[in-house]
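One-letter residues, chain by chain:
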Amino acid sequence: MRVESLKNSLLLLLSCLSNVTVTAKTVKVFAQNVGLLVDTRLDPLVNPGTCSSHVHSVYGNAQFGATVDEDVFEDDDWRNTEGKINRTTSELTANLSLYWAPSLYIWDGQEHHLVPSFARPYYRMKVNSDGDRSKVHPFPKFLRLIVGDASRKNAWEPQDTDRGDIRWTLTTLNRGSTNYLEHGDWSYLLDNSAVADRGQVEMNLNFPECLEIDDNGTPKTESIGFRSHAASSLERYDSSRQSFCPVSHPYQIPRLNLEVRYSIGDMRDRLGEGIVNNVRNWRLSTNDSSGAGAHADFISGWPQDMMENIIANCTDGKSKDGGDADCMLEGFELDSRVLKSVPFNNPVPQEHVKEVTNLPTGNCPPIGFTNPPIGCTNDPNLKFRNKIFRDCSWVAQNVNRCRRTWEERLLSEWCCVVCT
């Protein structure tokens, strides 16, 4: 009788322990800027080998193209950075990942004007209250993910709760006070005076952090549509399984929180405050005037051993808890406020995308190289820059500069492709 009573008490205790609510906390591992690589109508995941239906702004690995090759996302000698600076627009040259999202345009009544942009990926992870990171794995090689609905062109309705964790924010003004249910499109920005005070509007996308595994326990890196092999984490910690991931997708990875920052402040000088500050003039490249069609793609090019170190030892880019943990990021120059640009020489659709009457879509023009005419150069190292990284890409985003000179020659002569 006493043994039976003890057994029942033990079962009751175990039951109580399994139902204990474990407090979750999200750790910011680090963030970095990734400069613009190219604006073009390509999407190698959704439309491999041909044009996509709309223009994308692309950030990261300089081997982006109409198709992707797994090999360009790996570098076994990643610790040696010599001569590799132009491989990616990421500040961290070991990161060979790719990120792309729809481009943003502003309509001035006659033309759509492409808004310059860059990306700022944050890497975070959900851990329990004791800070145990051992359940979080590095991104598997060649992981591919897509979030958002590119086909949507109407603002969200209150009942539309089945959607991605995507919101729109105004630089540093309201990131902490916004959520995807109330700020998942531009509705709240209409006639909002705060728009006029900000230099950037942000598409803020959370990628899922739990992956499906195969029969051997290996995480899956793709699925049809590049979505179903990944899922969001649970709201509460599953104590019985010691996991924040659902049973269907048990493999936890860091959560990629991708901010795509569109520099509307740069557009005010060109188009005027009245046009730029009027959100009704904004268009995603999908011809979405609501912002609800926000979406993005990600291909991981992170060295796994580097990411293992970062997960174990880094908090906000430094040794965790202010201690002496060996955070590998501290060995790199990671200036989070520098916008990096590199030469891009891969074939793209031969069409204008920067200032257009109609947003590029439909039939695919020839995909080829855009070579400067004889006597003209797009050399990114031209010394006419009077601020860091002001090169032909800078001129392309500020075409009124084409009339300025350097060494007694117009910038349009040095950057004639972008000044046509």
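What counts and how
- Residues numbered from 1 in each chain as written.
- Predicted model: local features only at pLDDT ≥ 70, side-chain atom pairs only at ≥ 80, totals over all residues.
- Heavy atoms only, no water.
- Helix = DSSP H or I, 4+ residues; strand = E, 2+ residues; numbered from the N terminus.
- Contact = heavy atoms within 4.5 Å.
- Areas by Shrake-Rupley, 256 points an atom, 1.4 Å probe, with all protein chains shown as cover.
- Buried < 20%, exposed > 50% of the residue type's maximum accessible area, 1.4 Å probe, protein only.
- Pairing = 2+ DSSP bridges.
- Axes fitted to C-alpha atoms, helices over the stretch in contact; angles between N-to-C directions.
- Core = buried A, V, L, I, M, F, W, Y, C linked by side-chain atoms within 4.5 Å.
- Disulfide = S-S within 2.5 Å.
- Arc of directions from axis to C-beta.
- Salt bridge = Lys/Arg side-chain N within 4 Å of Asp/Glu carboxyl O.

K.L.:
So what about the overall build of the protein? Which residues, and what values?
P.N.:
Check the secondary structure of the protein and you find six helices and 23 strands. Sequence-distant contacts in the protein: of pairs separated by 6 or more residues, those separated by 24 or more amount to 72%. A total accessible area of about 20300 Å² is found for the protein, and carbon and sulfur atoms account for 47% of it.

K.L.:
An account of unusual backbone geometry is requested, with residue identities and associated values reported.
P.N.:
Backbone geometry places Phe 142, a non-glycine residue, at a positive phi of 60 degrees. Of the residues examined, Phe 142 reaches a relative accessible area of 10% and is grouped as buried. Of note, the phi angle at Phe 226 is positive, near 60 degrees, even though the residue is not glycine. Within the secondary structure, Phe 226 sits in the loop between β11 (210-211) and β12 (230-231).

K.L.:
Hey, could you go over the sheet that holds strand β16 (residues 295-299) for me, with residue numbers and the actual values?
P.N.:
A sheet is described by the order of its strands in space; here five strands give the open sequence β2-β3-β4-β16-β8, paired in antiparallel fashion. Edge positions in the sheet fall to β2 (36-42) and β8 (144-148), since each of these pairs with one other strand and no more. Taken over all neighbouring pairs, the strand axes of this sheet differ in orientation by 20 degrees on average, direction set aside. Where β8 lies against β16, five bridges are found, and the strand directions are antiparallel. The residue of β16 that forms the bridge with Gly 148 is His 295.

K.L.:
Could you give an account of the nonpolar core, naming the residues involved and the relevant values?
P.N.:
Membership of the largest hydrophobic core comes to 61 residues, with the highest contact counts inside it found for Trp 282 and Trp 302. Contact partners of Trp 302, with chain neighbours within four places excluded, come to Phe 30, Gln 32, Leu 92, Asn 95, Ser 97, Tyr 99, Tyr 123, Phe 139, Met 307 and Ile 310. Core analysis: the next-biggest nonpolar cluster, separate from the first, contains 18 residues, Phe 73, Trp 100, Ile 146 and Val 348 among them.

K.L.:
Got a sec to walk through the sheet that holds β12? Specific residues and values, please.
P.N.:
An order of β12-β11-β13 is seen for the three strands of this open sheet, with the pairing classed as antiparallel. Among the strands making up the open sheet, the edge pair consists of β12 and β13 (251-252). As paired elements, β11 and β13 share two bridges and run antiparallel to each other. Bridging from a neighbouring strand, Leu 211 pairs with Tyr 251 of β13.

K.L.:
Go over the state of the cysteines with me, naming the residues and quoting the values.
P.N.:
Applying the stated rule across the entire model yields three disulfides. Here Cys 51 engages in a disulfide with Cys 364; their sulfurs sit 2.1 Å apart. Measuring handedness by torsion sign, the sulfur bridge of Cys 51 and Cys 364 sits at about 60 degrees and is right-handed. Of this pair, Cys 51 sits in strand β3 (residues 51-60) while Cys 364 sits in the loop between β20 (355-356) and β21 (367-368), placing them 313 residues apart in sequence. Judged by relative accessible area, which is 8%, Cys 51 ranks as buried. For Cys 314, the disulfide goes to Cys 327, at an S-S distance of 2.1 Å. Handedness here is read from the sign of the S-S torsion; for Cys 314 and Cys 327, about 105 degrees, the answer is right-handed. Linking Cys 314 in strand β17 (residues 314-315) with Cys 327 in the loop between β18 (318-319) and β19 (348-349), this pair joins segments that are 13 residues apart in sequence.

K.L.:
Please set out helix α2 (residues 264-271) residue by residue, giving values where relevant.
P.N.:
Residues of α2 that are buried: Ile 264, Met 267, Arg 268 and Leu 271. Angularly, the buried residues of α2 cover 115 degrees about the axis, an arc narrow enough to put them on a single face. Residues of α2 that are buried sit in contact with β5 (104-107), β6 (112-114), β10 (201-206), β14 (255-262), α3 (273-276) and β15 (282-284). Following α2 by one or two positions, Gly 272 adopts a phi angle in the positive range, close to 95 degrees.

K.L.:
Just give me the short version of the pattern of salt bridges, but keep the residues and values in it.
P.N.:
The tally for this structure, following the rule as stated, stands at 16 salt bridges. A salt bridge links Arg 41 to Glu 351, with the nearest nitrogen and oxygen atoms 2.9 Å apart. Of this pair, Arg 41 sits in strand β2 while Glu 351 sits in the loop between β19 and β20, and the two are 310 residues apart along the sequence. On the accessibility criterion, Glu 351 (25% relative accessible area) is partly exposed. Residue Arg 152 is joined to Asp 160 by a salt bridge in which the shortest nitrogen-to-oxygen separation is 3.2 Å. A single salt-bridge network, built from bridges that share partners, covers Arg 175, Glu 202, Glu 259 and Arg 261.

All quantities given are derived from atomic positions and should not be read as evidence of function.
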